[in-house]
Amino acid sequence: MKILTTNNIKISNQLIDQIIGQEHAVRIAKLVAKQRRFLLLIGEPGTGKSMLAQAVAEILEQEKYPIYDILSIPNKEDPFLPLIKVLPSQETEKYLSNFKKKLEKSFLFEKYLFYVIYFTSFFVGIFLYIIYKGNINYFLLSIAFIIIVFLIQKSTLKNVGNAYLPKVLVKNQPDKVPFIDATGSQLANLLGDVRHDPYQSGGIETPPHQLLEAGAIHRAHKGVLYIDEVSTLSVEAQQNLLSAIQEKKFAITGRTPGSSGTMVRSQPVPCDFILILAGNIEDLQNMHPALRSRIRGYGYEVLTNTRMPKNKENTYRLIQFIKREIQIDDKIKDFSFEAIVELLKEAHKRSNQKNYYTLKLRELGGLIRIAGDLSSLDNSPLVLRKHIKEAKIMALSIEEQLQRIQNEKT
Ligand SMILES: Nc1ncnc2c1ncn2[C@@H]1O[C@H](COP(=O)(O)OP(=O)(O)OP(=O)(O)O)[C@@H](O)[C@H]1O
Ligand SMILES: [Mg+2]
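All values derive from a computational prediction rather than experimental measurement.

(A) Inspection of the overall build of the chain at higher detail. Along the backbone of the chain there are 15 helices and 14 strands. In terms of C-alpha radius of gyration, the chain reaches 31 Å, well past the compact-globule figure of 22 Å for 410 residues. Summarising its shape, the C-alpha atoms of the chain cover approximately 105 × 55 × 50 Å along the three principal directions. Looking at the chain as a whole, 43% of its 410 residues are labelled buried.

Right under this line is the structure:
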């Protein structure tokens, strides 16, 4: 096919097929999704690690696995050990409304008691009005009394009732596989927490099951948990993560020392997810050996490519990459033939190797966007070669700019 501009370049609507130059990683990612394995992705920034992880979630979505919500329910026997219920996402609403109905029934006596108070006060008001020969004040007083009692009823009964409703800890859309990016999460965010309740006693405390907060590991249930910069995870976090992937369930407990939350510990909460860790080569040293060994035992380790051979197929794939960046950005015009050639040249130059293209594609994408911006400034219908050339200068890093100034001086 003769390529004139990027106008007629077609790209797949599947994320996994949009990833270029990482054939090995793509193959593994497909296996990981199909067989629900773990994955450790190591590679240079901007080579497609996050994209691969998202693609795994997208593949899972197409498999039409059921998606679940997770709820906490008060435990009458031991309120400090809230019960956990897992429901297919589309059933949660119905379950909650049934629960509410049942709860309202259990408050039926209180409800009737209030009705009796209303009627009695009303008739007492009328009675006094008649006795005191049309003195309206007594009647108004009874109405005021009814309003006050009504407001009290509304606030107390309703609050008490709602407090005993289940809390939805994890809510999903029925057709959306959870993809949870827990990069840089603190322990409480990763594993869940129990909020501190300042009113622990005296009858106005929040029931413990309402204080539970799900962690990323729970929100990723039946989906993908992605953690980049794996070395920033503390040893404690890695140990707990290991136990979560071994058990596929993990109780939520308070994590702030001294907080009332530490008295609460939920039933084990399911957390059956595909763990995808990512990082660069240096990150490996800080990885917990047991966690790494678990991933190796039940999954794959993949090094993403930094460059790809400069052949016909890869050249076409790189043009598809340009098209994808144009489509995603939405503000960039199509590339002219000369602009495509110029960008391919730059991709070659950046690989620092004969007959190769770079796969540090985030940075190359940056260049595409700058060139696109420059062409808009020119009101040009296409991105032209001159825009790429100018963009290359504008895309220089601070270090490169300093170097340039120094070179100009000498
Ligand atoms: N192999 C690839 N194929 C197509 N596009 C890519 C590829 N790699 C990177 N990109 C482009 O670069 C962007 C950033 O890539 P991504 O976030 O996947 O990189 P990363 O490897 O996770 O980087 P980091 O290590 O900085 O997190 C993507 O959104 C995509 O536009
Ligand atoms: Mg990333």
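Read on for the rest.
(B) Broad picture of the pattern of salt bridges. Under the criterion given, the structure shown has 18 salt bridges. The closest approach of N and O atoms between E44 and K360, which form a salt bridge, is 3.4 Å. Taken together, the residues span a long stretch of sequence, with E44 in the loop between β1 (38-42) and α3 (49-62) and K360 in the loop between β14 (356-358) and α13 (361-377) at a distance of 316 residues. Overall, E44 belongs to the partly exposed group, its relative accessible area being 34%. A salt bridge links K323 to D334; its shortest N-O distance comes to 3.1 Å. Residue K323 is found in helix α11 (residues 312-329), and its partner D334 is found in the loop between α11 and α12 (337-351); the two are separated by 11 residues along the sequence. Both residues of the pair, K323 and D334, count as buried. Each of the salt bridges in this network shares a partner with another, and the network as a whole consists of E342, K345, E346, R350, R385 and K392.

(C) A look at the sheet that holds strand β2 (residues 68-73). One open sheet holds the 3 strands; their spatial order is β3-β2-β4, and the pairing between them is antiparallel. Each of the sheet's edge strands pairs with one partner strand only, and the pair in question is β3 (83-88) and β4 (167-170). Across the sheet, the axes of successive neighbouring strands diverge by a mean angle of 35°, strand direction being ignored. Strand direction decides the pairing type here: β2 and β4, joined by 3 bridges, are antiparallel. When the sheet's bridge partners are listed, L71 is paired in β4 with V168.

(D) Spatial organisation of helix α5 (residues 108-131). For α5, spanning 24 residues, the distance from its first C-alpha to its last is 34 Å, which sits close to the expected 34 Å at 1.5 Å a residue. Among the residues trailing α5, K133 stands out with phi positive, at a value near 50°.

(E) Focus on the packing of α12 against α13. Packing of α12 against α13 brings their axes to within 11 Å, and their N-to-C directions diverge by 150°. One element, α12, and the other, α13, form an angle in the roughly antiparallel class. Handedness of the α12/α13 crossing: right-handed. Along its contact with α12, which presents L343, E346, A347 and R350, the element α13 presents E363, L364, L367 and I368. Here the residues of the contact of α12 with α13 sort into 5 nonpolar, no polar and 3 charged.

(F) Fine view of the side chain of H218. The topology assignment puts H218 in helix α8 (residues 216-219). Overall, the relative accessible area of 0% leaves H218 in the buried class. Within the structure, the side chain of H218 is placed 2.9 Å from the backbone oxygen of F250, a separation counted as a polar contact. Excluding residues within four positions of it along the chain, H218 makes contact with I70, V170, L191, F250, I252, V269, P270 and C271.

(G) Spatial organisation of the site of ligand 1. The full set close to ligand 1 counts 18 residues, and G46, K49, S50, D228 and E325 are the nearest of them. Interatomic distance of 3.2 Å between a side-chain N/O atom of R324 and an oxygen atom of ligand 1. Its residues placed into classes, the shell around ligand 1 shows 6 nonpolar, 6 polar and 6 charged.

(H) Representation of empty space enclosed by the protein in the model. A full pass over the atoms with the stated rule returns 1 cavity of 30 Å³ or more. Here the largest cavity is characterised by a volume of approximately 30 Å³. Lining the largest cavity are F38, I245, K248, C271, D272 and F273. The residue makeup of the lining of the largest cavity, split by class, is 4 nonpolar, no polar and 2 charged.

(I) Representation of the sheet that holds β1. Taken in spatial order, the 5 strands of this open sheet run β5-β8-β11-β1-β12, and their pairing is parallel. In the strand order of this sheet, the two ends are held by β5 (179-181) and β12 (299-303), each with one partner. For this sheet, the mean inter-axis angle between neighbouring strands, taken without regard to orientation, is 15°. Helix α2 (residues 23-35) rests against β1, β11 (274-279) and β12 of the sheet, and its axis sits at about 160° to β12. Seen against the sheet, helix α10 (residues 289-298) touches β1, β11 and β12 and runs at an angle of roughly 105° to β12.

(J) Spotlight on unusual backbone geometry. Look at N352: it is not a glycine, yet its phi comes out positive at around 55°. Accessibility expressed as a relative area gives 69% for N352, which makes it exposed. At N379, a residue that is not glycine, the phi angle is positive and equals roughly 55°. If you trace the backbone, N379 turns up in the loop between α13 and α14 (385-394).

(K) Molecular detail of the packing of α2 against α3. Between α2 and α3, whose axes approach to 9 Å, the crossing angle comes to 40°. Looking at the two axes, α2 sits oblique to α3. Between α2 and α3 lies a crossing whose hand is right-handed. Contact residues: A25, V26, A29, K30, V32 and A33 in α2; L52, V56, I59 and L60 in α3. Among the residues making up the contact of α2 with α3, the classes are represented as 9 nonpolar, no polar and 1 charged.

Thresholds applied
Residues numbered from 1 in each chain as written. Chains lettered and ligands numbered in written order. Predicted model: local features only at pLDDT ≥ 70, side-chain atom pairs only at ≥ 80, totals over all residues. Heavy atoms only, no water. Helix = DSSP H or I, 4+ residues; strand = E, 2+ residues; numbered from the N terminus. Rg over C-alpha atoms; globule rule 2.2 N^0.38 Å. Buried < 20%, exposed > 50% of the residue type's maximum accessible area, 1.4 Å probe, protein only. Salt bridge = Lys/Arg side-chain N within 4 Å of Asp/Glu carboxyl O. Pairing = 2+ DSSP bridges. Axes fitted to C-alpha atoms, helices over the stretch in contact; angles between N-to-C directions. Expected span 1.5 Å × (residues − 1). Parallel < 35°, antiparallel > 145°, perpendicular 65-115°, else oblique. Left-handed = near helix turned anticlockwise from the far one by under 90°. Contact = heavy atoms within 4.5 Å. Nonpolar A, V, L, I, M, F, W, Y, C, P; charged D, E, K, R; others polar. Polar contact = N/O pair within 3.5 Å; in protein donor to acceptor, adjacent residues only side chain to side chain. Near = heavy atom within 4 Å. 1 Å grid on protein atoms, 1.4 Å probe; cavity = no way out; pocket = protein on both sides within 12 Å on 5 of 7 lines; lining within 4 Å. Points joined across faces, edges and corners; volume = space filled by probe spheres on them.

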